[in-house]
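Remarks on the overall topology
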Amino acid sequence: MLIHSPFLLTGTHHGRAFEADATYQATGQPKAVVVFVHGFKGFKDWGHFPLLADFFAERGFVFVKLNLSHNGIVVGGTGDLEDLDAFGRNNFSIELDDIGQLIDALFTPDATPVPAPEMDLSRLYLVGHSRGGGLVLLKAAEDPRVRAVATWAGIADVDQRWPQPMLEEWQRTGILHVPNLRTGQQLPLQYQIVEDYIANRPRLDIPHNVRRRLRQPLLLVHGDEDGTVPVNAAHTLHELKPNAELLLVPGAGHMFGGAHPWPETTLPETARFIAERTADFFHRQA
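Please read these numbers as outputs of a predicted model, since none were measured by experiment.

A closer look at the nonpolar core
What tends to happen in soluble globular proteins is that the nonpolar side chains get buried as a cluster. Val33, Val35, Phe56, Val64, Trp152, Phe256 and Phe282 are the most contacted members of the largest nonpolar core, which has 89 residues in total. No other element matches the 7 residues that helix α3 (residues 92-106) contributes to this core. When sequence neighbours within four positions are dropped, the list of residues in contact with Val33 reads Val62, Val64, Leu106, Met119, Asp120, Leu121, Arg123, Leu124 and Tyr125.

So, empty space enclosed by the protein
With the rule as written, the count across this model stands at 3 cavities of 30 Å³ or more. Of the voids in this model, the largest cavity is the one considered here, and its volume is about 70 Å³. Lining the largest cavity, in full, are His38, Gly39, Phe40, Lys41, Gly42, His70, Asn71, Phe87, Asn90, Glu95 and Arg131. Of the residues belonging to the lining of the largest cavity, the class tally is 2 nonpolar, 6 polar and 3 charged.

Some points on helix α6 (residues 192-199)
Within α6, burial applies to Gln192, Ile193, Val194, Asp196 and Tyr197. Buried residues along α6 sit against α2 (84-88), α3, α4 (131-142), α5 (164-173), β8 (185-190) and α7 (201-204).

A word on unusual backbone geometry
His260 connects to Pro261 through a cis peptide bond whose omega is 0 degrees. In this structure, Pro261 sits in the loop between β10 (245-249) and α10 (269-283). With phi around 60 degrees, Ser130 is a residue other than glycine that occupies positive phi space. Relative to the helices and strands, Ser130 is located in the loop between β5 (119-129) and α4. The backbone of Arg161 sits at a positive phi, close to 50 degrees, despite the residue not being glycine.

Rules and cut-offs
Residues numbered from 1 in each chain as written. Predicted model: local features only at pLDDT ≥ 70, side-chain atom pairs only at ≥ 80, totals over all residues. Heavy atoms only, no water. Core = buried A, V, L, I, M, F, W, Y, C linked by side-chain atoms within 4.5 Å. Buried < 20%, exposed > 50% of the residue type's maximum accessible area, 1.4 Å probe, protein only. Helix = DSSP H or I, 4+ residues; strand = E, 2+ residues; numbered from the N terminus. Contact = heavy atoms within 4.5 Å. 1 Å grid on protein atoms, 1.4 Å probe; cavity = no way out; pocket = protein on both sides within 12 Å on 5 of 7 lines; lining within 4 Å. Points joined across faces, edges and corners; volume = space filled by probe spheres on them. Nonpolar A, V, L, I, M, F, W, Y, C, P; charged D, E, K, R; others polar.

Written out as structure tokens, the structure reads:
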């Protein structure tokens with residue numbers, strides 16, 4: 001029987017509440033812990049992500065997923081992106097700190113609803129999708145508690161290299177809007193995300209950190225028909241860390257067959273395939 005346990009965290013730097021949940025089988029035996037990080041415009045219960053939690057739990061992991069604090073989700077809200085002011089105030093440093101706070105909570109007795117005997121935190125693994133893939137690379141590079149990392153359609157750089165005229169206009173107005181094609185929303189991005197990147201570049205530079213600081217085993221998973229984060233990102237990351245395992249999935253797009261909402265009770269075939277390969281990768285790290 002699977003246990004699904006939600007819990008709440010409050011950002012130590014920004015004071016905003018954000019949610020996480022853990023899925024596991026209560027066996028009384030310590031299990032490896034997988035923390036899953038969603039991407040840009042994503043959230044922990046997007047589409048088939050809850051089914052991913054069940055999949056990993058059934059294979060002997062504690063699977064923890066979180067809503068990054070400024071992803072637009074409101075605690076107790078609709079479950080979809082609705083706080084666009086928070087969305088606009090997000091930046092990469094906030095997201096890395098959120099992940100770090102979740103990891104700290106896992107290591108703090110009674111800070112999560114998962115009983116300590118159920119977790120083997122010497123086997124703490126991170127997996128991130130899209131922008132979340134870039135985040136888990138950066139977090140692993142700065143946190144030795146992480147033992148292995150997997151990226152699914154992960155970005156290779158947070159520097160978007162926006163054209164200079166766009167940057168100048170963005171700086172002048174203070175805000176840039178990007179469309180959410182799924183909902184029709186115009187999502188705001190405050191210019192502070194650029195300022196945060198410039199101010200914290202050593203921490204946020206994915207190529208530098210993967211090449212120089214990432215010591216953990218790495219699995220890179222990417223669809224060869226990804227129209228959002230082209231497959232070249234996976235090749236770039238592999239060049240930066242040649243001993244990483246590279247899994248290119250023929251015919252797969254950015255969401256590996258998933259969509260939101262996901263009405264089915266089983267994982268999309270491609271999502272299941274990459275979950276199986278990722279679970280195998282983590283099991284081999286024991």
